[in-house]
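Chain by chain, the residues:
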Amino acid sequence: MKKLNYILFSSLILIFSCETAHTVRKTIINNSSFDFYIDYNNSYVDTLLYLRSNDYLILSDFTTLGRHPDGEPTEPCSMYFSDTITISVNSTLPYYFIGDFRDEYSWEETLSGNRSTIQDCSYTITNDHVILDM
């Protein structure tokens, strides 16, 4: 009986120690000379955020347990179709943000880790993403 308990306990430890995780983090980096108001709306929350020049904002950061990194492809870095994001330039002049958060090629992706993975998705805003409408 003692041997059976030891085998059962060892098996449970082995199962739970093998838990894999996949973390996805989406970050907006402001490398422009402008400050922005960001209205971000997803299925959970509608949030108004302020992003200063040379600062960053983490839009989402979540972990999925029990997912083997090679089991499925990684999620696209672009914004979900159901999410909306509106960027307003904090200026008295009529500046407009022309970046596209839905374009997968506008995001930079890094994937790290072995059993448990971290997928960092970052969108960098530059002065080229802002135009003056006169």
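Residues numbered from 1 in each chain as written. Predicted model: local features only at pLDDT ≥ 70, side-chain atom pairs only at ≥ 80, totals over all residues. Heavy atoms only, no water.

Draft legend 1. Broad picture of the overall build of the chain. Counting secondary structure elements, the chain contains one helix and nine strands. Going residue by residue from the N terminus, the α and β elements of the chain occur as α-β-β-β-β-β-β-β-β-β. Counting across all 134 residues of the chain, residues that qualify as buried make up 28%. For the chain, restricting intrachain contacts to residue pairs at least 6 apart in sequence, the fraction spanning at least 24 positions comes to 68%. (Helix = DSSP H or I, 4+ residues; strand = E, 2+ residues; numbered from the N terminus. Buried < 20%, exposed > 50% of the residue type's maximum accessible area, 1.4 Å probe, protein only. Contact = heavy atoms within 4.5 Å.)

Draft legend 2. View of the nonpolar core. Among the nonpolar cores identified, the biggest contains 19 residues, and Phe-36, Ile-38, Phe-97, Phe-101 and Trp-107 are the most heavily contacted of them. Setting aside anything within four residues of it in sequence, one finds Trp-107 in contact with Lys-26, Thr-27, Cys-77, Ser-78, Met-79, Phe-101, Cys-121, Ser-122 and Tyr-123. (Core = buried A, V, L, I, M, F, W, Y, C linked by side-chain atoms within 4.5 Å.)

Draft legend 3. Region of the structure containing the sheet that holds strand β8 (residues 117–125). The four strands lie next to each other as β4-β1-β8-β7, forming an open sheet whose pairing is mixed. Lying at the two open borders of the sheet, with one neighbouring strand each, are β4 (55–65) and β7 (108–113). Ignoring strand direction, the axes of neighbouring strands in this sheet form an average angle of 15°. Here strand β1 (residues 21–30) pairs with β4 via ten bridges, running antiparallel. Within β4, the residue paired with Val-24 across the bridge is Phe-62. (Pairing = 2+ DSSP bridges. Axes fitted to C-alpha atoms, helices over the stretch in contact; angles between N-to-C directions.)

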